[in-house]
Structures are given as structure tokens and as C-alpha cells.
Amino acid sequence: MSDTAGTPPEGQGAAGRPLGPGAGASPTGRGAVRRRRRRWVWGVGLGVSLTLVGAAAAGWAVYMKLEGNITPDDATAAELARFEKDRPTALVKDALNVLLIGSDSRAGAENGRYGHDPGTERSDTVILLHLSAGRRSATAVSIPRDLMVDVPDCRRRDGSRSAPMFTQFNAAFEVGGPACTIRTVEKLTDVRVDHHVVVDFEGFKDMVDAVDGVEVCLNEPIDDKDAHLRLPAGRVTLDGEQALGYVRARKTLGDGSDTGRIERQQRFLGALVSKVRSNEILLNPVKLYPVLDAATSSLTTDPELASLRGLYELVRGLRDIPTEGVQFLTVPRESYAGDVNRDQLAQPAAGKLFERLRKDEPVRVDTDGERKATEKETTAPADSASPAPTFSGNTAAEDTCA
């Protein structure tokens with residue numbers, strides 16, 4: 001029998017059938033097709049893998065960039081730890097109080113344009129932000145810088161210690177920075193401050209620019225040389241520079257009081273919150289990144305918050321709070337008996353507000369009528385529970401142009 005017995009003739013299959021075009025082990029057969037398909041699939045898989053690796057690397061680079069933007073305030077943490085036994089106790093688990101401090105520092109090339117820096121730094125704006133347990137609401141309480149308060153002994157920047165004093169509130173930041181301000185607020189309110197955030201002029205401007213400006217409505221034109229602000233009447237979208245002048249201006253807007261300035265700040269912040277929460281920003285990575293970059297670059301926070309994870313844990317519960325649940329009001333106060341240009345707490349309204357914040361009880365704001373920073377009278381049926389006290393204020397749901 002021939003060695004070729006059983007072997008089909010060249011060009012035929014096992015049953016003697018002719019092989020079709022592209023079949024067999026030749027370079028143009030099915031084997032070549034399979035090999036090309038395997039190489040193509042392998043190439044696509046490699047390309048996808050490299051793309052994913054590249055995206056992950058880019059994502060990690062972005063994460064590290066944003067993480068590195070935040071400045072941890074270790075000195076404040078150490079000073080507060082020293083006085084831990086004197087600080088208020090948190091009464092409600094999961095409720096949080098964050099002290100937001102706007103610094104008027106002129107340090108740095110950008111901030112220097114807003115005036116001479118004599119080596120001091122005061123708190124231009126201070127807001128105690130109360131986040132309810134379960135994150136049902138957020139209540140931002142402004143503390144006037146001219147409020148007369150007891151400032152405890154504090155560690156100065158040079159390491160020496162100041163003596164306790166009775167003075168206007170914004171001096172606390174000048175004397176001992178965030179730690180002194182926090183201790184002063186806790187002494188004033190008996191509310192435990194869980195976290196703090198400090199933002200300077202430049203950081204505020206960058207945040208506004210990152211959201212492409214914030215719209216406000218002006219009843220009349222503004223021309224304020226001190227605030228570097230010149231605006232027409234009507235609807236105006238403020239960029240960062242204009243927004244800074246708008247929230248800081250005092251002498252040429254309204255009655256020139258700090259009350260009017262605080263009200264503008266609250267309404268502006270409400271509009272800013274609404275802008276940031278809009279889907280136009282939150283669902284658009286191209287627009288979201290500049291907002292995150294600006295926000296993190298401008299922050300000095302307690303060490304626990306000084307990371308993206310820490311900030312995420314803080315804000316993730318805020319996503320479901322409706323804009324009408326984000327409230328702004330001012331500590332109830334009245335003219336100080338010793339100086340009409342200074343303020344003092346208005347009692348018993350201030351005490352009621354602080355107690356409700358401590359106990360995480362509801363606080364309501366009345367957005368109608370005169371904007372006086374006092375408690376408003378509330379009525380309820382005789383057989384009903386006492387209603388939450390209502391304070392003059394506004395919410396993030398308000399249209400500043402309505």
C-alpha cells in the first residue's frame with residue numbers, strides 16, 4: 001500500500017470534495033482567517049486595555065492634583081486638642097457643624113490689590129453651617145464681624161498667648177486664627193464645631209469664575225471705588241472679581257450697614273449653591289473639574305477634611321437636600337449698648353436659635369417682609385406642639401431677580 005493511501009488528492013477535502021476558496025492551511029485558507037481574527041481581537045483588547053489604563057492613570061493624576069490642592073490646618077487641630085475639655089459636647093450623632101471663614105488677608109500678589117496688608121488678617125465673613133442628622137436640611141448662620149463677644153486666651157502666630165478680652169468678633173481671627181475663632185464661636189453659642197474651612201479673596205473669585213459667573217439683580221447702578229465695582233442696574237452675571245466686590249461692598253450699597261452686606265452675601269451664596277447644583281455643572285465633567293479645582297485650591301481645612309475623601313463624606317449627603325432646605329439667616333442681634341456702631345446678641349431669640357442648633361431641632365426662615373436678623377413671632381393652635389421658631393432669612397431656592 002502506498003504511503004499516500006488515504007490521503008485525499010491535492011485540492012480535495014477528506015471526502016474528495018474540492019476545497020473552497022480561502023480554505024485549507026495555505027496563507028489564503030481558513031487558518032489564516034482565524035489567525036487574523038485572533039490578532040485583530042487581541043489588538044482591540046490591547047487597545048482597550050491601554051485606553052482603560054490611560055484613563056485610570058489620568059483619573060488618578062486628577063485625583064492626586066485635587067487632593068494636593070487642599071491645605072490641612074494642623075496647627076488649629078493641635079490648639080483645639082489642648083482645650084478639648086473646655087469645648088462643648090456634640091449632642092446629636094451624625095449632625096455636623098462646619099465653621100466657614102472668609103479671610104480678608106491681603107497677602108499674596110493677587111490679594112494685595114484689595115488694600116495694604118499691615119500684617120494682620122481678620123475674618124471678613126464667618127458662617128456657622130449646621131447640617132442636620134440625616135441631611136434633611138442645611139442652615140447657614142452668619143455671625144456679624146462687629147458683634148461684641150468674649151474672646152478667650154489664644155495662641156498668637158508668634159507662639160505667645162493673648163489675654164482674654166471683650167471685643168468685636170472678627171478680632172478673634174486676627175489674634176489667633178481659626179482656632180481662636182472656633183473657640184470664640186463655641187463660647188458664644190455652646191455649639192460644637194466639628195470642622196472648619198478657610199477661604200481667602202482669591203479662592204472665592206476662582207470659585208465664581210469656575211461656574212461661569214453668578215446672576216444677581218440690581219435695583220440701581222453701582223459705582224463703588226473702594227470695592228472696585230461698577231455695574232449697571234438690572235440682571236447682571238457677576239464674574240469672580242465683580243462678585244468679590246459685590247459681597248464686600250458696604251458704604252455705597254443699601255444703608256451702608258453690615259446688616260445689608262450680610263444679606264447680600266447670603267443671597268449671593270444661595271445663588272451660587274443653586275448654580276453649582278445644576279445639572280449643567282454636576283453632569284458635565286468638562287465644567288465640573290474647574291469647579292473642583294477652584295474649590296479645593298482655595299481651601300484650608302481641619303486635617304479630617306483635608307482630602308477628597310473627607311470632603312466627599314461631608315457633601316455626599318447634601319445631594320438630596322432641596323434648595324429650599326438650604327437656609328441662610330443671621331445671628332439675632334441689636335445695637336450694642338456701649339457703641340451704636342457695634343452689635344450684641346438679641347435675647348432671647350439668639351439663645352433659642354443656638355439651643356435648636358445644639359439639639360438639631362428644626363429652624364425655619366421667613367423670606368418675606370423686612371429682613372431684620374431677629375426671631376419672628378409664630379402662632380399655632382392651642383392644642384398643637386410649639387412650632388419651630390422662625391427667623392428672618394432666605395433659602396437657596398429664592399430667585400434673586402424675583
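This text goes with the structure placed above it.
Read on for a plain summary of the structure.

So, how was this worked out
Residues numbered from 1 in each chain as written. Predicted model: local features only at pLDDT ≥ 70, side-chain atom pairs only at ≥ 80, totals over all residues. Heavy atoms only, no water. Salt bridge = Lys/Arg side-chain N within 4 Å of Asp/Glu carboxyl O. Helix = DSSP H or I, 4+ residues; strand = E, 2+ residues; numbered from the N terminus. Buried < 20%, exposed > 50% of the residue type's maximum accessible area, 1.4 Å probe, protein only. Contact = heavy atoms within 4.5 Å. Arc of directions from axis to C-beta.

**With respect to the pattern of salt bridges**
On inspection of all chains with the given rule, the structure shows 16 salt bridges. Notably, a salt bridge pairs Arg-192 with Glu-84, separated by 2.9 Å at the nearest N-O pair. A residue pair is termed long-range when its members are at least 10 positions apart, and Arg-192 in the loop between α3 (171–189) and β7 (195–199) and Glu-84 in the loop between α2 (74–82) and β2 (96–103) qualify at 108 residues. The salt bridge partner of Glu-202 is Lys-205, with a shortest N-O separation of 3.2 Å. With Glu-202 and Lys-205 both in helix α4 (residues 201–210) and three residues apart, the pair spans about one turn of that helix. Judged by its relative accessible area of 18%, Glu-202 falls in the buried class. Looking at Lys-205, the relative accessible area reads 4%, which means it is buried. Several salt bridges converge on common partners, so that one network encompasses Glu-79, Asp-153, Arg-161 and Arg-183.

**Thoughts on the side chain of Thr-184**
Mapped onto the elements of the fold, Thr-184 is located in helix α3. If we ignore the near neighbours within four places in the chain, the residues touching Thr-184 are Val-149, Asp-150, Val-151, Pro-152, Phe-169 and Ala-172.

**Some words on helix α10 (residues 349–358)**
Burial in α10 covers these residues: Ala-349, Ala-350, Leu-353, Phe-354, Arg-356 and Leu-357. Viewed along the axis of α10, the buried residues span an arc of 160°, placing them on a single side of the element. Positive backbone phi, at 55°, marks Asp-360, one or two positions downstream of α10.

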